[in-house]
Amino acid sequence: QVKLVESGGGLVQPGGSLRLSCAASGFIFSSRPMNWYRQAPGKQREFVAVITRAGVTTYAGSVKGRFTISRDNAKNTVYLQLNSLKPEDTAVYYCNVEISMTTYWGQGTQVTVSS
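The following paragraphs examine the structure supplied in this document.

Cut-offs and rules
- Sequence order sets the numbering: in each chain, residues are counted from 1 along the sequence as written.
- Totals for whole chains, interfaces and linings use every residue, but because this is a predicted model, local features are given only for residues with pLDDT of at least 70 and side-chain atom pairs only at 80 or more, for both listing and counting.
- Side-chain descriptors were evaluated using all non-hydrogen atoms of the structure, hydrogens and water having been removed beforehand.
- The numbering of helices and of strands both runs from the N terminus, where a helix is a DSSP run of H or I of at least 4 residues and a strand a run of E of at least 2.
- The quantity called the radius of gyration is restricted to C-alpha atoms. Its globule counterpart is 2.2 Å times the number of residues to the power 0.38.
- Note on classification: 1.4 Å probe, protein chains only; a residue is buried when its accessible area is under 20% of the maximum for its type, exposed when over 50%, partly exposed between these limits.
- Throughout, a residue-residue contact means that at least one pair of heavy atoms, one from each residue, lies within 4.5 Å.
- Pairs of cysteine sulfur atoms within 2.5 Å are what we label disulfides.
- Salt bridges are identified by distance alone: a Lys or Arg side-chain nitrogen within 4 Å of an Asp or Glu carboxyl oxygen.
- The rule for pairing is simple: two strands pair if DSSP sees at least two bridges between them.
- Lines fitted to C-alpha atoms define the axes, with helix axes restricted to the stretch in contact, and inter-axis angles between N-to-C directions lie between 0 and 180 degrees.

1. Here's the deal with the overall build of the protein
Item 1. When you go through the protein residue by residue, the secondary structure sums to zero helices and 11 strands.
Item 2. Shown N-terminal to C-terminal, the secondary structure of the protein runs as helices and strands in the order β-β-β-β-β-β-β-β-β-β-β.
Item 3. Taken over C-alpha atoms, the radius of gyration comes to 13 Å for the protein, in line with the 13 Å a tight globule of 115 residues would show.
Item 4. Considering only C-alpha atoms, the protein reaches an extent of 40 × 25 × 20 Å along its principal axes.
Item 5. Split into buried and exposed, the 115 residues of the protein put 42% on the buried side.
Item 6. The long-range share in the protein, meaning contacts at least 24 apart out of those at least 6 apart in sequence, stands at 52%.

2. Description of the state of the cysteines
Item 1. Counting across every chain of the model gives one disulfide.
Item 2. Two residues share a disulfide in this structure: Cys22 and Cys95, whose sulfurs sit 1.9 Å from each other. Measuring the twist about the S-S bond at about 55°, one finds the Cys22-Cys95 disulfide to be right-handed. Within this pair, whereas Cys22 is found in strand S3 (residues 18–25), its partner Cys95 is found in strand S9 (residues 91–99), the two being separated by 73 residues in sequence. Pair check on accessibility: Cys22 and Cys95 agree, each one buried.

3. Topic: the pattern of salt bridges
Item 1. Under the counting rule described, the total for this entry stands at three salt bridges.
Item 2. Linking Arg38 and Glu46 is a salt bridge whose minimum nitrogen-to-oxygen distance equals 2.6 Å.
Item 3. Taking relative accessible area as the criterion, Glu46 reaches 35% and is therefore assigned partly exposed.
Item 4. Close ionic contact of Arg66 with Asp89 constitutes a salt bridge, the shortest N to O distance being 2.7 Å.

4. Description of the sheet that holds strand S1 (residues 3–7)
Item 1. Overall, antiparallel pairing links the four strands, which are arranged S1-S3-S8-S7 in an open sheet. Here the strands that pair on one side only, and so sit at the sheet edges, are S1 and strand S7 (67–72). Mean inter-strand twist for the sheet, computed between neighbouring axes without regard to direction, equals 15°.
Item 2. Relative to S3, S1 is paired through five bridges, and the arrangement is antiparallel. Bridge assignment links Val5 to a residue of S3, and that residue is Ala23.

Spelled out as structure tokens, the structure:
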């Protein structure tokens, strides 16, 4: 059974950094692109970044140059490094994977950027 578990969120001041992790199980991790999304209070969930099987990355315009997605196939884990954080980055961050036309989500990890 597919399972995704995010961790690493917290409270950080503007300009600070965090590293989020998403531990995956129940599927062949190295064979799937992995995504990060986020949902701010009162807003729809939005795409943040994706990393393909080959390690090619794509970012939303709002985070490009500040966030970095990476993966460790030996650890079945995808990461999201968040730098130069802004208050508008405050959200619950989710990882997801699509397998056989089904999208699986983790429970999310809260990131709060505030002074």
